[in-house]
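What follows is the residue order along each chain.
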Amino acid sequence: MPGHPLLTDKTIALSATLAATIGLEEAILLTVLNDATVIQGNGWTRLHNQALRNQLPFWDDVSIRRVLHSLIDKGLMTLHGEVFPDGEGLIYHFRQTSNTSAGQRPAATQTTRPATSPAARASQPAPHQPLEAGWQPGADTLKRLEQHGISSAFAMAQLDSFILRGQEQGANRNDWNHRFFQYVKGQWVYTQNDAARQRQQQLGVRERSAFNVVADEPRPIENHWQPSQDACQILQRAGIDPQFIQDAVPEFVLYWAERGDAFKTWNSKFIQHVRQQWARYSASVEHSTLPSRISDDWQPAQDCFDILSMGHIDAEFARSLVPEFVLYWRDSNQVHNSWNSRFLQYVKQQWAKRLAQPSTNPGDPRHGHSQQATDQPGYATAEASVRRLKDTSW
């Protein structure tokens with residue numbers, strides 16, 4: 001009876017017991033490696049990477065490496081040199097596991113191996129050993145580092161730290177040259193990155209004046225940016241307080257750093273920003289919208305007297321009311337937005353009361369006021385005068 005049409009190529013003879021014992025993937029890889037060992041018949045088997053890929057076309061390099069590490073961790077094989085696929089191929093041998101009985105070997109090692117000559121035994125890799133204090137990397141390792149652009153002087157400078165680290169870990173290995181190569185390569189990458197960061201920081205610390213130096217290209221603002229001396233002098237000559245200029249720097253940097261825009265002239269933008277903020281600040285101080293308590297030495301603005309003179313209210317009369325106006329509102333402890341407006345209202349009220357109470361005493365300034373009022377239209381009576389004072393159409 002013909003077989004399945006898909007089974008046309010070589011199959012892997014897999015032991016079900018072995019797969020149940022160590023895992024399916026591990027059993028597959030171990031079977032392939034064991035077949036290569038049977039063919040070569042040496043203590044240490046050498047298998048090229050491409051040959052291993054051809055035997056396992058259903059796995060990628062990452063999967064082969066993962067299963068290979070699993071076999072090593074389980075103690076089913078020993079690896080010499082680099083792990084797949086770092087080197088050109090695998091160099092490995094099988095060793096007896098601790099859970100096998102005396103005189104028995106795992107299925108992967110139940111093969112008859114011919115005796116090796118003394119020369120072949122001498123060429124075999126040494127077993128796992130701790131890292132000695134006087135250990136030195138091999139010439140091949142230093143040559144590989146030079147091929148990656150790492151000088152031997154830099155590599156040997158890392159030797160002491162590598163030995164100290166290996167001794168502290170207390171590990172027994174037979175691939176110290178490979179581990180030294182990886183360690184030096186990592187230190188080289190770290191050193192190069194650190195040098196690049198330092199160069200970048202040095203470039204960032206240099207201040208560029210927008211008035212004397214023209215940037216080659218727009219760039220985002222830096223976190224430690226500061227305005228140039230020329231920019232600060234221009235703002236101070238415009239009457240802006242130096243402390244106000246310095247206080248505006250952090251919010252300016254934060255705003256543009258969050259936006260991420262790139263410009264050539266950050267100093268010019270800073271001058272424009274500070275001028276706008278100073279104008280708003282000055283306006284808010286002079287015309288505050290926040291209610292406040294009247295001060296003990298408060299005095300009305302000159303605009304108040306100009307407005308009162310338009311209503312024919314005597315300026316000296318208005319000034320005489322300032323002390324009692326301040327005393328009243330200070331004792332009341334109230335707050336208002338504009339004390340000048342309150343004062344205008346108070347003076348108009350007091351002036352209206354004065355006009356409404358004519359005096360017959362010749363020495364009183366109000367004496368004869370009624371007669372004088374008749375000379376002006378609209379001031380014939382006290383009531384007319386009050387209406388005139390309340391008229392705000394002017």
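Placed above this text is the structure.
Throughout this description, residue numbers start from 1 for each chain and increase along the sequence as written. Only residues with pLDDT of 70 or above have their local features reported here, since the model is predicted, and side-chain atom pairs are shown and tallied only from 80 upward, although totals for entire chains, interfaces and linings are computed over all residues. Side-chain numbers come from the whole structure's heavy atoms, not from hydrogens or water.

Undergrad: Just checking my understanding: could you explain the overall build of the chain for this structure?
TA: In this description a helix means any DSSP run of H or I spanning at least four residues, a strand means any run of E spanning at least two, and both kinds are numbered starting from the N terminus. Across its full length, the chain carries 18 helices and 9 strands. Looking at the chain residue by residue over its 394 residues, the buried ones come to 31%. Note on contacts: a residue pair is in contact if any heavy atoms of the two residues lie within 4.5 Å. Residue pairs in contact within the chain that sit at least 24 positions apart in sequence constitute 64% of those at least 6 positions apart. Of the roughly 25400 Å² of accessible surface on the chain, 51% is carried by carbon and sulfur atoms. A simple rule labels every residue: compare its accessible area, found with a 1.4 Å probe on the protein chains alone, to the largest value its type can have, and call it buried under 20%, exposed over 50%, or partly exposed in between. For every accessible area listed, the method is Shrake-Rupley and the probe measures 1.4 Å; residues are considered covered only by the protein chains on display.

Undergrad: Explanation requested: the layout of surface pockets in the structure shown.
TA: Leftover empty space is mapped by rolling, across the atoms, a probe with the size of a water molecule. Cavity means a closed set of points on a 1 Å grid over the protein atoms alone, one where a 1.4 Å probe fits but cannot get out, pocket means an open set with protein on both sides within 12 Å along at least 5 of 7 lines, and lining means a residue has an atom within 4 Å of a point. Grid points are joined across faces, edges and corners, and a volume is the space filled by probe spheres set on the points. By volume, the largest pocket is sized at about 770 Å³. The wall of the largest pocket is formed by 28 residues, among which His 80, Gly 81, Glu 82, Arg 144 and Asn 177 lie closest to the centre. For the lining of the largest pocket, the secondary-structure elements that each account for two or more residues are strand E1 (45-48), strand E3 (89-93), strand E4 (129-130), helix H6 (139-147) and helix H9 (176-205). Lys, Arg, Asp and Glu make up the charged group, whereas Ala, Val, Leu, Ile, Met, Phe, Trp, Tyr, Cys and Pro make up the nonpolar group; the residues left over, Gly among them, are polar. Residue composition of the lining of the largest pocket, grouped by class: 9 nonpolar, 10 polar and 9 charged.

Undergrad: What should I look at first to understand the pairing of E3 in this one?
TA: Each regular strand carries side chains that alternate between the two faces of the sheet. Two strands are said to pair when DSSP picks up at least two bridges between them. For E1 and E3, the ladder comprises 4 bridges, and the chain directions are antiparallel. For Thr 45, the partnering residue across the bridge sits in E3 and is Tyr 92. As paired elements, strand E2 (residues 78-80) and E3 share 3 bridges and run antiparallel to each other. Residue pairing across strands places His 80 opposite Ile 91, the latter belonging to E3.

Undergrad: I keep staring at the pattern of salt bridges and nothing clicks. Help me out?
TA: Oppositely charged side chains can form a pair if their charged atoms are brought close together. By convention in these notes, a salt bridge is any Lys or Arg side-chain nitrogen within 4 Å of a carboxyl oxygen on Asp or Glu. In this structure the tally under the stated criterion is 9 salt bridges. Arg 219 serves as the salt-bridge partner of Glu 222, at 3.5 Å between the closest nitrogen and oxygen. Its relative accessible area of 22% is what places Glu 222 among the partly exposed residues. Residue Arg 219 is classed as partly exposed on the basis of its relative accessible area of 25%.

Undergrad: I'm lost on a nonpolar patch on the surface in this one. Help?
TA: Candidates for patches are residues over 30% relative accessible area with no salt bridge; among them, like charges are joined within 9 Å and nonpolar side chains (Val, Leu, Ile, Met, Phe, Trp, Tyr) within 5 Å. Taken together, the side chains of Ile 12, Leu 14, Leu 24 and Phe 58 present a nonpolar region at the surface, about 360 Å² in accessible area. Along the chain, Leu 14 turns up in the segment before helix H1 (16-22).

Undergrad: Explanation requested: unusual backbone geometry in the structure shown.
TA: Across residues other than glycine, the phi torsion is negative in most instances, and most of the peptide bonds are trans. For the bond running from Phe 84 to Pro 85, omega is 0 degrees, close enough to zero to count as cis. On the secondary structure map, Pro 85 appears in the loop between E2 and E3. Positive phi outside glycine occurs at Asn 333, with the angle close to 60 degrees. Relative to the helices and strands, Asn 333 is located in the loop between helix H15 (322-332) and strand E9 (335-336).

Undergrad: Explanation requested: H15 in the structure shown.
TA: The α-helix advances 3.6 residues per turn, and as a result positions three or four apart in sequence lie on the same side. Of all the positions in H15, only Val 322, Phe 325, Val 326 and Trp 329 are classed as buried. Buried residues of H15 fall within an arc of 95 degrees about the axis and therefore sit on the same side. Counted as exposed and oriented over 90 degrees from the buried face of H15: Pro 323, Tyr 328 and Asp 331. The elements touched by buried residues of H15 are helix H14 (315-320), E9 and helix H16 (339-355). Immediately downstream of H15, the backbone of Asn 333 shows phi near 60 degrees, a positive value. Working note: the arc is built from the helix axis to C-beta atom directions.

Undergrad: Can you walk me through H16 in this structure?
TA: Here a helix's expected span is defined as the number of its residues, less one, multiplied by 1.5 Å. In a regular helix each residue adds 1.5 Å, so 17 residues correspond to 24 Å; H16 covers 24 Å between its end C-alpha atoms and thus fits that length. For H16, the set of buried residues is Trp 339, Phe 343, Leu 344, Tyr 346, Val 347, Trp 351, Ala 352 and Leu 355.

Undergrad: What is the right way to look at the nonpolar core in this model?
TA: Nonpolar side chains in soluble globular proteins generally cluster together in the buried interior. Residues enter a nonpolar core if they are buried and are Ala, Val, Leu, Ile, Met, Phe, Trp, Tyr or Cys, with the set joined through side-chain atoms within 4.5 Å. Counting 26 residues, the largest nonpolar core has Leu 29, Leu 33, Leu 52 and Tyr 92 as the members making the most contacts within it. Looking at this core, the elements that each hand over two or more residues are H1, helix H2 (24-40), helix H4 (61-73) and E3. A total of 7 residues in this core trace back to one element, the largest contributor, which is H2. Setting aside anything within four residues of it in sequence, one finds Leu 29 in contact with Leu 52, Leu 56, Trp 59, Ile 64, Val 67, Leu 68 and Leu 71. By size, the runner-up hydrophobic cluster in this structure holds 20 residues, among which are Cys 304, Ala 318, Val 326 and Phe 343.

Undergrad: Quick question: what am I supposed to make of the packing of aromatic side chains here?
TA: Pairs of aromatic rings are described using the distance from one ring centre to the other and the angle between the two planes. Pairing of aromatic rings covers Phe, Tyr and Trp, the last counted by its six-membered ring, and requires centre-to-centre distances within 6.5 Å; plane angles under 30 degrees mean stacked, over 60 mean edge-to-face, and any other angle means tilted. Per the stated rule, a full pass over the model turns up 27 aromatic pairs. With centroids separated by 5.0 Å and ring planes inclined at 75 degrees, the aromatic side chains of Phe 244 and Trp 278 adopt a geometry described as edge-to-face. A residue pair is termed long-range when its members are at least 10 positions apart, and Phe 244 in helix H11 (residues 242-259) and Trp 278 in helix H12 (residues 266-286) qualify at 34 residues. Given a relative accessible area of 18%, Phe 244 falls into the buried group. Relative to Trp 266, the ring of Trp 256 has its centre 5.6 Å away and its plane inclined at 65 degrees; by these criteria the two rings are edge-to-face. On the criterion of sequence distance, the pair formed by Trp 256 in helix H11 and Trp 266 in helix H12 is long-range, its members being 10 residues apart. Exposure class is identical for Trp 256 and Trp 266. Each is buried. Put simply, the rings of Trp 225, Phe 252, Tyr 255, Trp 256, Phe 263, Trp 266 and Phe 270 touch in pairs and so form one group of aromatic residues.

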